[in-house]
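Here is how the chains run, residue by residue.
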Amino acid sequence: GDGTVVNPSKVNLDLGEIAPYPPYNGFMNAMPAYVGFSDVAGLKWAGGNLGERKKRGIPYCSSLILLVNPHINNFIAVLDGALITNMRTGAQSLVSMSPVTQKFDIEELRIYDVSRAALERFREDMQSAIPGRIILCDDPKDAAQGDAVICVTQSKDGFLKEEWLSPETIVFPMGSYQECEDDVLLHADKIVVDHVEQTLHRGALSKLAAEGKITRESITCTIGELVAGRAELHREPGQRIVCLPIGTGAMDIGCASVVYQRALEQKRGQFFDFGVSSATEW
């Protein structure tokens, strides 16, 4: 939002998630960025696999983050990226909602998942953090009732229906594909994104953008502009806001740079010689 981040669009390597070859039912994304507040560059290399990993009972996501000293292009750290990805994905929707609603208390949280066991784990993990009730739903329609609906799935079938939503529901389709019907997006009064160019070719808007039904001019502003105070979002009664924070490398690199500095302070991790200088010579 303040112009101190360089963040190209993510690059997707299809390893059989959609393409017929190779037949591995997976993908990897390359997400480079330079983050000004920490003066660090880096790359997150991350993806998911529903093929062999699923058969072996390995978690869906795999990820590494590489950090670079941008002054001399030395590699300074290699970090696991899965935890950072999981944590910041949830946090970004919270930050996104904050400029929209300013303040809110959760009175009721309705959740749906294809796995009942996952719902039970979520309730157990989050009960102490949520002041209101957590309701486990057997049908996604029942979970789509409220002030905001957040979807984080790999669904490609548009399962979130327009008829389920009130006109002023804030909708967060955060997956990499179109989780909702076209009308959910086309009936939006305002659209907020994390990265304009990336959002037009990946995620919920990509199909409509390819059809010419959504363009750059359809996008109201970015989350960064809102947080930095460079844009304002006036929401009238009955207006729907659609927010698409599908993820940027800058968030991962920014988080990883903080983890890296704290690891140095606490003398955590292992040190490697990257060839020119060690991590301690940052």
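Higher on the page you've got the structure.
Predicted, not measured: the structure shown is a model, and the values here were computed from it.

Caption draft 1: Structural detail: the side chain of Q198. In this fold, Q198 is placed in helix 6 (residues 196–201). Here Q198 falls in the buried class, since its relative accessible area comes to 1%. Contacts of Q198, omitting those with residues within four sequence positions, involve P8, S9, K10, I246, G247 and T248.

Caption draft 2: Fine view of the layout of surface pockets. Estimates place the volume of the second largest pocket at around 940 Å³. Residue lining of the second largest pocket: 31 residues in total, with G1, V5, G224, A250 and M251 positioned closest to the centre. Looking at the lining of the second largest pocket element by element, the count peaks at five residues for helix 2 (residues 82–101). Across the lining of the second largest pocket, the residue classes break down as 14 nonpolar, 11 polar and six charged.

Caption draft 3: Expanded view of the state of the cysteines. Scanning the entire structure with this criterion turns up zero disulfides. Cysteine C137 shares no disulfide, and the gap to the nearest cysteine sulfur, in C151, comes to 13 Å. Its relative accessible area of 4% is what places C137 among the buried residues.

Caption draft 4: Representation of the packing of aromatic side chains in the model. In the structure shown here, the tally under the stated rule is zero aromatic pairs. Directly above the ring of F27 sits R202, whose terminal nitrogen or CZ lies 5.9 Å from the centroid. Over the aromatic face of Y177 sits the side chain of R202, whose NZ or CZ is 5.8 Å from the ring centroid.

How each quantity is defined
Residues numbered from 1 in each chain as written. Predicted model: local features only at pLDDT ≥ 70, side-chain atom pairs only at ≥ 80, totals over all residues. Heavy atoms only, no water. Helix = DSSP H or I, 4+ residues; strand = E, 2+ residues; numbered from the N terminus. Buried < 20%, exposed > 50% of the residue type's maximum accessible area, 1.4 Å probe, protein only. Contact = heavy atoms within 4.5 Å. 1 Å grid on protein atoms, 1.4 Å probe; cavity = no way out; pocket = protein on both sides within 12 Å on 5 of 7 lines; lining within 4 Å. Points joined across faces, edges and corners; volume = space filled by probe spheres on them. Nonpolar A, V, L, I, M, F, W, Y, C, P; charged D, E, K, R; others polar. Disulfide = S-S within 2.5 Å. Phe/Tyr/Trp six-rings, centres within 6.5 Å; stacked < 30°, edge-to-face > 60°. Lys NZ or Arg CZ within 6 Å of the ring centre and 35° of its normal.

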